[in-house]
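Observations on the three-dimensional arrangement
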Amino acid sequence: MIRSRSGLASLLGRLLVLLAGAWALQVQAAPDAALGRSKAQLCFACHGEQGIAVQPAVPHLAAQPALSLFYQMVQFRNQQRKGGGMETLVAGLSDADMRDIAAWFASQRPPPGQGGAQAERVARGQVLSQQQFCSSCHGARLQGQKHVPRLAGQAQDYFLTQLRNIRSGARVDMDGTMGSAARGLSDEDIEALAAYAASLD
Ligand code: HEC
Ligand code: HEC
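Okay, so let's go over this structure. This is a predicted model, so every value here is computed, not measured.

Before going further, it helps to spend a moment on the packing of helix H9 (residues 156–168) against helix H11 (residues 187–199). In contact at an axis separation of 9 Å, H9 and H11 are set at 140 degrees when each is read in the N-to-C sense. It follows from the interaxial angle that H9 and H11 lie oblique. For the crossing formed where H9 meets H11, the hand is right-handed. Of the residues in H11, those in contact with Gln 156, Phe 159, Leu 160, Leu 163, Arg 164 and Arg 167 of H9 are Asp 187, Ile 190, Glu 191, Leu 193, Ala 194, Ala 195, Ala 197 and Ala 198. When its residues are assigned to classes, the contact of H9 with H11 shows nine nonpolar, one polar and four charged.

As structure tokens, this is what we get:
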């Protein structure tokens, strides 16, 4: 119960402070791609300034959904996911740093598709992708959405390793859905899917 005017005033005052706090949080939470670029200098050596990786074992980050990039960084920071020394590389980043960096890479041009020599494998991968409903989560052109990573144009070596690791459980997935999607795949299936994904731009 509020017994006096001054009681009411102090209650209103506290409410205002709370509202201002919530507003400040929202302002802080808006990711800034330009700031992200300056925070990501360390990352460019492997992932490229525009998010196009220079080695086949390193993933392209360009045009990946920002939320997906953010969650992967969080998983590395929490040591839930390990690989490529990423756990150490992101250890000192705050959530805000990660959102800014994610915004930078998400806003870059997607990697170009690489098809060419493996037409047969690519065709088999496309059929498999439909049969296995990969696009129901990863998007019609495997472009990724929300927390689900982009696969289109992804480096094949990287894709192969990740899908094998997800199938064996060596790489955890955040909600278990990807693990069950991978469980029934053969080695050949995985190779065909990697070739198909890499061919998309
Ligand atoms: C020494 C090379 C190197 C540097 C520097 C580096 N990375 Fe990585 N990054 C990798 C490798 C290798 C992987 C794949 C790890 C694995 O096998 O799981 C990776 C994976 C990732 C992924 C997961 C992508 C996906 O599709 O799941 C993200 C996100 C990422 N790095 C962000 C960053 C950020 C942000 C920085 C800078 C703070 C950074 N990386 C610096 C090599 C590097
Ligand atoms: C039910 C939703 C769902 C389906 C279906 C699905 N995925 Fe995924 N996939 C995900 C999610 C979510 C992740 C991120 C997992 C994580 O790191 O926690 C992911 C991650 C991946 C990765 C790792 C990408 C990276 O950048 O590290 C590959 C490769 C992949 N999926 C391939 C496939 C293929 C191929 C299929 C079809 C056989 C498929 N997925 C079906 C949801 C799905």
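For the iron atom of ligand 2, the protein coordination sphere consists of His 138 (NE2) and Met 178 (SD), at 2.0 Å. Each of the six donor atoms bound to the iron atom of ligand 2 contributes to angles spanning 86 to 179 degrees, and the resulting shape is octahedral. Of this pair, His 138 sits in helix H8 (residues 134–138) while Met 178 sits in helix H10 (residues 177–183), and the two are 40 residues apart along the sequence.

Attention now goes to H9. An ideal rise of 1.5 Å per residue puts 18 Å on 13 residues; H9 measures up with 18 Å between its terminal C-alpha atoms. Every buried residue of H9 is listed here: Gln 156, Tyr 158, Phe 159, Leu 160, Gln 162, Leu 163 and Ile 166. Buried residues along H9 sit against H10 and H11.

Although it is not a glycine, Gln 79 adopts a positive phi angle of roughly 60 degrees. Position of Gln 79 relative to the elements: it lies in the loop between helix H4 (66–77) and helix H5 (86–89). Classification of Gln 79 as partly exposed rests on a relative accessible area of 43%. The phi angle at Leu 142 is positive, at roughly 55 degrees, despite the residue not being glycine. Position of Leu 142 among the secondary structure elements: in the loop between H8 and H9. The class for Leu 142 is buried, based on a relative accessible area of 4%.

Quick look at the pattern of salt bridges now. All chains considered together, the criterion is met by eight salt bridges. Residue Glu 49 is joined to Arg 37 by a salt bridge in which the shortest nitrogen-to-oxygen separation is 2.6 Å. Taken together, the residues span a long stretch of sequence, with Glu 49 in the loop between helix H3 (44–47) and H4 and Arg 37 in helix H2 (residues 33–39) at a distance of twelve residues. Judged by its relative accessible area of 31%, Glu 49 is partly exposed. Taking relative accessible area as the criterion, Arg 37 reaches 35% and is therefore assigned partly exposed. Taken together, the shared-partner salt bridges in this structure form one network comprising Lys 39, Asp 97 and Asp 100.

About the cut-offs
- Residues numbered from 1 in each chain as written.
- Chains lettered and ligands numbered in written order.
- Predicted model: local features only at pLDDT ≥ 70, side-chain atom pairs only at ≥ 80, totals over all residues.
- Heavy atoms only, no water.
- Axes fitted to C-alpha atoms, helices over the stretch in contact; angles between N-to-C directions.
- Helix = DSSP H or I, 4+ residues; strand = E, 2+ residues; numbered from the N terminus.
- Parallel < 35°, antiparallel > 145°, perpendicular 65-115°, else oblique.
- Left-handed = near helix turned anticlockwise from the far one by under 90°.
- Contact = heavy atoms within 4.5 Å.
- Nonpolar A, V, L, I, M, F, W, Y, C, P; charged D, E, K, R; others polar.
- Donors = N, O, S within 2.8 Å, 3.2 Å for Na, K, Ca; no water.
- Tetrahedral: all angles 85-135°; square planar, octahedral: opposite > 155°, others 65-115°.
- Expected span 1.5 Å × (residues − 1).
- Buried < 20%, exposed > 50% of the residue type's maximum accessible area, 1.4 Å probe, protein only.
- Salt bridge = Lys/Arg side-chain N within 4 Å of Asp/Glu carboxyl O.

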